[in-house]
Amino acid sequence: MRALARSPERAEDLREAGCEVRKADALDLETLGPALEGVDVAFYLVHSMGRGSDGDFAARDHRAAENFAAAAAAAGVKRIVYLGGLGEGSKHLDSRHATAETLRKGPVPVSYFRAAAVLGPGSESFRTVFYLVRRLPVMVTPRWVATRTQPIAIEDVVACLATASDLDLAVDREVQVGGPDVTTYGGMIDELARALGRRPPLRIVVPVLTPRLSSLWIGLVTPVDANVAKPLIEGLSTETVVSDPSGMELLGSRPRTSLQEALRQAASGLTAS
């Protein structure tokens, strides 16, 4: 397994786990060619929405995907496996889907995985919910708490992606993946509280709470950057539930980790970090 990093010195955990770490930047086409030499399957997990960004992450996502598609073709890569998101209708979710379309325009076949919230200690969406539950016994929430979602444990996502490395499976198709439980964002908040041994917080729904105000509020009470929280929150009004399970059936790796167990594992990992 080869991992690409802009700063390999910050990826010692990957090296210790047995990965070969190469220096590369998806926004710098010249760095990608040498890093992709000899690769059969490339897992594209890049997303440029993050801390310190100027907010124009969609343009960076597009340029990075164009670069990667071109470099993969030149290097003779046989398959790109891309993890995007379920749903469309916000800048964040639309950018995830547009990235898939950009990768698909190249000659290398793409296995396009789409997931709702991924439950793991490194997930910004999970960290947002975790710190809200930890710090607030009473929450003022927008109407998106009633939006349905089908979150999935990080271990189940990795298992699905690993299965897709088989060059005979999921060629040039979309694969929707989700956990076994469908809930709402409000229900996920309540379940996380129970997983932490707490009473679910009292939620007061305020219809006029905008994504901008919500992100500023989250920035005050959690360590999640407001510039990251805002596009995430804008996407919470969109339902993210698997509508076509045929891709999971094709892979034979239907996720089985329950919502309660996935939340418990993610919370345990975040507390220990």
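One can find the structure itself at the top, above this paragraph.
Everything numeric here is computed off the predicted structure, so don't read it as measured data.

## A few points about the side chain of T102
Consideration 1: Residue position: T102 is located in helix α4 (residues 91-104).
Consideration 2: Judged by relative accessible area, T102 falls into the buried class, the value being 9%.
Consideration 3: Excluding residues that lie within four positions of it along the chain, T102 makes contacts with H62, A65, E66 and A69.

## Observations concerning the sheet that holds strand β3 (residues 41-44)
Consideration 1: Reading across the sheet, the four strands line up as β3-β4-β5-β10 and stay open at both edges, with parallel pairing between neighbours. Two strands lie at the open edges of the sheet, namely β3 and β10 (173-177), each paired on one side alone. Put simply, the sheet's adjacent strands are angled 20 degrees from each other on average, direction ignored.
Consideration 2: Relative to strand β4 (residues 79-85), β3 runs parallel, the two being bridged by four bridges. Bridging from a neighbouring strand, A42 pairs with I80 of β4.
Consideration 3: Strand contacts of α4: β3, β4, β5 (110-115) and β10, with the helix running at about 165 degrees to β4, the strand carrying the most contacts.

Each value, and the rule that gives it
Residues numbered from 1 in each chain as written. Predicted model: local features only at pLDDT ≥ 70, side-chain atom pairs only at ≥ 80, totals over all residues. Heavy atoms only, no water. Helix = DSSP H or I, 4+ residues; strand = E, 2+ residues; numbered from the N terminus. Buried < 20%, exposed > 50% of the residue type's maximum accessible area, 1.4 Å probe, protein only. Contact = heavy atoms within 4.5 Å. Pairing = 2+ DSSP bridges. Axes fitted to C-alpha atoms, helices over the stretch in contact; angles between N-to-C directions.

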